[in-house]
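# Fold and contact review
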Amino acid sequence: MQDHPSHSDSAIGRVEVKETTCYMCACRCGIRVHLRDGEVRYIDGNPRHPLNKGVICAKGSSGIMKQYSPARLTRPLRRRPGAERGESDFEEISWDEALELLETRLRRLRAEDPKRFALFTGRDQMQALTGMFAKQFGTPNYAAHGGFCSVNMAAGLIYSIGGSFWEFGGPDLDRAKLFVMIGTAEDHHSNPLKIAISEFKRRGGRFISINPIRTGYSAIADEWVPIRPGTDGALLLAINHEILARGLFDRDFLIQYTNAAELVVSDEAHDEAGLFYRVETEAAPDCFDPQDRLWWDRASDAAVRARTPGVEPRLLGAYTLEDGTAVKPAFQLLKDRLADYTPEWAAEVTGIPAATIRRLAHEMGVTARDHQIELPIPWTDCWDREHASVTGNPVAFHAMRGMAAHSNGFQGIRALGVLMSLLGTIDRPGGFRHKAPFPRPIPPCPKPPNDPAAVRPDTPLDGLPLGWPADPDDLFVDDEGEAVRLDKAFSWEYPLAVHGLMHNVITNAWRGDPYPIDTLVLFMANMAWNSTMNTSEVRRMLVDKDEQGDYRIPFLAVCDTFSSETVAFADLVLPDTSYLERHDVLSMLDRPISEFDGPVDAVRVPVLPPKGECRPFQDVLIELGTRLGLPAFVDGEGRRKYRDYPDFIVNYETSPGSGIGFLAGWRGAEGDQVLKGAPNPEQWERYVEHGCVFHHQLPPSYQYMRNWNKGYLHWARAHGMIRYADPIIIHLYSEVLQRFRRAAQGKGEGRRPPPRLRERIATYFDPLPFYYAPLEDGLIDAERYPLNALTQRPMAMYHSWDSQNAWLRQIHSHNYLFVNPRVGAAEGFADGDWIWVESAHGRVRCMCRFSEAVEPGTVWTWNAIGKAAGAWGLAANADESRKGFLLNHLIAEELPEHAAGAHLSNADPVTGQAAWFDLRVRVYKAGPKEPAITAPQFAPMPRLPGQEPGRGRWQAYVAGIFSKK
């Protein structure tokens, strides 16, 4: 039960225990909140929760101090008339005034030009709702934080294997023999992954970590492989080279489940050059990917339909079809591509010895080949073949932001997808396993708008704000090929920007590029500090005015729980609730917490009333949508559909009568249906009774090989997770990328990129993974800035939320720049000295610490511990602002002007992923007369109306009130 029996005692007061879901990071563990007389006294893990099984980390336990933080916003605020942005000079207003102000402004914009309203959200988990609001309003200018975080990981693998790491898939450490982790900091998926790694190592599994920094997970790895940042793709390509050279690939898996054997037109003069040769076939009406491609049959020495029963195709060679077309199997093209990516070549790029690269490749290949797993689970594939068992090659990988946050990350992650496919580890025991609602077709079906006419006054957007382009016709550009969105996602500049480019919103809005906007709403996005690049300049842009004395970004509304640096620049502040005060859903429509064995979603429920006048942003959106008459929120007569967010969650369906809503559990009038069913008025109560989590376990025959598992695919289609039950063939060779490249080369019909971008598209939209150095390296003086500089979140904190947490501040209240002692010796400074860190864009003063746990060409620090003075309810002289620092001041959000344009984002050219790990710096000792304080410094942010003072020194130890006597 969610509400454990409570009891009262005159000595200790009324004691209660309530269950909900943590939000001290994005792990979303189950927790129990212990209350005394209505105040939180203790938080521990919920042992009945399938994700964390009772385990809790320091962050989770410290949620008590987030609740009682003096940084809490408690009242709606409006910038005082005559006050300047950035001064934090606010007056309290009522919610009616705040909502009226927004309603009036947004109603006008929706009637005139909806795209002049932009909504961008940070690290939230309600993107299905915020995205729906944007679509209903009619604006394309919506995105969440993924483009700043790790969209390369999502897009690179989803466009390759139909799924990706973390929420949508991960390593099966229950059965793996070898585990390889690449570029994953210790905050990521921490509790579940810690549990899995602990058990994996106890079973004798071998753990290899590839990372420039040996902290967190890397510190307990059996082998740490230090690598230069931004060169992961080079390492993976060399490993792929060795896997092919040694014949250690899973040939049967490649033939049946990937496009390795499918024939590609290899004659560059042919109209279809670089595309798969296709034959006419009669596809079912609901078919997404008709099986219309060819193999070269070894026995008949002729082309046959791919996957013809009994045919053994060639993987290598060059052939000529009956009509004279020259073709090659995709695998031959891959082999040709990998020929020059030798371990010796990669050693020069990565800093990893060639012998180590060969050994790693050999270990991966031999483990996959010689330690195969077989489970007695019968299943049927999409070609109606019965299998008596499921087999697996037990090499598991996990990779995240360390690979993603580079301008070459997409192709590097494609190389990882190729490696996992060569080893035959996709959705098999001991390898990578999908989590519902993935796998999905490659690319997934939802598409963004593709015409400026999709934006119309007083009309919902014709398409989804975010989607998955399959070819140039899916781009959201005008007749000249230029961007329609403010962030330029889905344009020729960043065609596959499936998560948007939040990091370019302020700069583009300030410049009026591609057009001026009127109103920007930021939810939980600290764009004036750590959720942006070039932080000092972004802060200047927020206060910059035009020739008439008006702000270049006319109106900024910020919704947050805390007094972040960005709040100081707001014209309107909306106080959000804490995660212990509101309803939330971790939805199958958005970011669920599914397990390998089936769908899982979860909820948060209030365990405390809102502080002051805080109101959940979800309720604010429901209210605004209703006031504006957006079709999803009102009936045909314009009347309110939903009382509030909880009512919306219960009654909303993706389409009338679909039976699919935000929550998958206890659907139907009686609450007895799973995933699909009519609204259940007691659905919230059922979640509460079951610990705020729903877990549907699939039959064993549906749990593996889901890209090609007939039973699973038909089940997934029946429950609305996919539209088609076609096999999801792995894309070793990406025809999606080739279509964009062909457009840049002037081949075929359809759209063409603007001239300035043709070479860029032709280069980076290669259908096979390749390595190139980070883009900025070739545009700055890399010799002057020889060191790579990284940030990663510390285990004890998450984003900028937690360095104002009274308990977590005791672990570290400021950060250092960690450098290899060799760097200090070369530059003449000692451990603990004040130093300058300088990039081509600025410099920061900070303290250093020597560490052998970092490769010599890299320096690094914790992210977002450094704060602006006075922000987050901290004293102006707090360690966080006097000793802490932020490397974001040194990172440019745009590349230097070059042939492709003057204002291109410092981002991956395929996805728009922010390249904040491409930073290059030099370091040198600060002068003896310089103050022992970090730089740059900013005017202190005063306390805001409604902020409560801290409770005093005891807040470091307990929360609530002392025991009654």
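The coordinates are above.
Note that the coordinates shown come from a computational prediction; the quantities given were computed from them, not determined experimentally. (Residues numbered from 1 in each chain as written. Predicted model: local features only at pLDDT ≥ 70, side-chain atom pairs only at ≥ 80, totals over all residues. Heavy atoms only, no water.)

### Digging into the sheet that holds strand β17 (residues 326–329)
Note the threshold: Strands were regarded as paired on the criterion that DSSP finds at least two bridges between them. Numbered from the N terminus, helices here are DSSP runs of H or I no shorter than four residues, and strands are runs of E no shorter than two. Note on contacts: a residue pair qualifies if any of its non-hydrogen atoms lie within 4.5 Å across the two residues. Axis lines are fitted through C-alpha atoms, for helices just across the contact stretch, and the angle between N-to-C directions can take any value from 0 to 180 degrees.
An order of β13-β17-β16 is seen for the three strands of this open sheet, with the pairing classed as antiparallel. Where the open sheet ends on each side, the last strands, each with one partner, are β13 (263–265) and β16 (319–320). As judged from the two bridges shared by β16 and β17, these two strands associate in the antiparallel manner. Bridge pairing in β17 places Y319 opposite V327. Sitting on the sheet, helix α10 (residues 330–338) touches β13 and β17, and the angle it makes with β17 is about 75°.

### Quick notes on empty space enclosed by the protein
Convention followed: Cavity and pocket criteria rest on a 1 Å grid covering protein atoms alone: a 1.4 Å probe that fits but cannot get out defines a cavity, protein on both sides within 12 Å along at least 5 of 7 lines defines an open pocket, and an atom within 4 Å of a point defines a lining residue. Grid points are joined across faces, edges and corners, and a volume is the space filled by probe spheres set on the points. Throughout this entry, Asp, Glu, Lys and Arg are counted as charged residues, while Ala, Val, Leu, Ile, Met, Phe, Trp, Tyr, Cys and Pro are counted as nonpolar. The remaining residues, Gly among them, count as polar.
Throughout the structure, instances matching the rule amount to twelve cavities of 30 Å³ or more. Here the largest cavity defines a volume of roughly 250 Å³. Taken together, 23 residues line the largest cavity, and the ones lying closest to its centre are R123, F148, N530, S531 and H799. Grouping the amino acids of the lining of the largest cavity by side-chain chemistry returns eight nonpolar, eleven polar and four charged. Approximately 150 Å³ is the volume found for the second largest cavity. In this structure, the second largest cavity is lined by 16 residues; those nearest its centre are G183, N211, G402, L790 and F917. Only α13 (401–404) and β30 (787–792) provide two or more residues apiece to the lining of the second largest cavity. For the lining of the second largest cavity, the element with the highest residue contribution is β30, accounting for three residues.

### A few points about the packing of aromatic side chains
Here is the rule: A pair of Phe, Tyr and Trp rings is counted when the ring centres sit within 6.5 Å of each other, with Trp represented by its six-membered ring. The angle between the planes then sorts it: under 30 degrees is stacked, over 60 is edge-to-face, the rest tilted. Partly exposed describes any residue whose relative accessible area lies between the buried limit of under 20% and the exposed limit of over 50%, with all areas from a 1.4 Å probe on protein chains only and scaled to the type maximum.
The final tally for this structure, using the stated rule, is 38 aromatic pairs. Their ring planes at 75° and their centres at 5.9 Å tell us that W345 and Y771 sit as a pair that is edge-to-face. Taken as a pair, W345 in helix α11 (residues 343–350) and Y771 in the loop between α22 (758–764) and β30 lie far apart in primary sequence, 426 residues in all. On the accessibility criterion, W345 (26% relative accessible area) is partly exposed.

### Regarding the pairing of strand β22 (residues 395–399)
A large share of β22 lies buried, amounting to five of its five residues. Of the two faces of β22, both are covered, the one formed by V395, F397 and A399 as well as the one formed by A396 and H398. With five bridges connecting them, strand β10 (residues 178–182) and β22 associate as parallel partners. Looking at β22, one finds that V180 is bridged to F397.

### Brief notes about the packing of helix α3 (residues 95–112) against helix α17 (residues 617–627)
The angle between the axes and the distance between the axes are what describe a pair of packed helices. Stated formally: Here roughly perpendicular refers to angles of 65 to 115 degrees, roughly parallel to angles under 35, roughly antiparallel to angles over 145, and oblique to all remaining angles. When the near helix sits turned anticlockwise from the far one by under a right angle, the crossing is termed left-handed; a clockwise turn instead gives a right-handed crossing.
Contact pair α3 / α17: the axes reach a minimum separation of 10 Å and the direction vectors enclose 50°. Regarding the angle of α3 to α17, the classification is oblique. The hand of the α3/α17 crossing is right-handed. On α17, the residues touching W95, D96, L99, E100, L102, E103, L106 and R107 of α3 are V620, E623, L624 and R627. Of the residues contributing to the contact of α3 with α17, the split by class is six nonpolar, no polar and six charged.

### Observations regarding the environment of L338
With respect to the helices and strands, the residue L338 is situated in helix α10. For L338 and I195, which are 143 residues apart along the polypeptide, the C-alpha to C-alpha distance reads 37 Å. Those residues within four positions of L338 in sequence are excluded, and the remaining contacts are L237, N240, H241 and L244.

### So, the sheet that holds strand β5 (residues 77–79)
Read across the sheet, seven strands follow the order β6-β5-β26-β25-β24-β7-β8 without closing on themselves; strand pairing throughout is mixed. Lying at the two open borders of the sheet, with one neighbouring strand each, are β6 (90–92) and β8 (142–143). Direction of pairing for β5 relative to β6: antiparallel, over a ladder of three bridges. Bridging across to β6, R79 finds its partner in F90. Its contacts with the sheet place α3 against β5, β7 (117–121), β24 (519–523), β25 (555–560) and β26 (572–575), and it is angled at close to 120° to β26. Of the strands in this sheet, β7 and β8 touch helix α4 (residues 127–137), which is tilted by about 175° from β7.

Nothing here speaks to function; it is all geometry.
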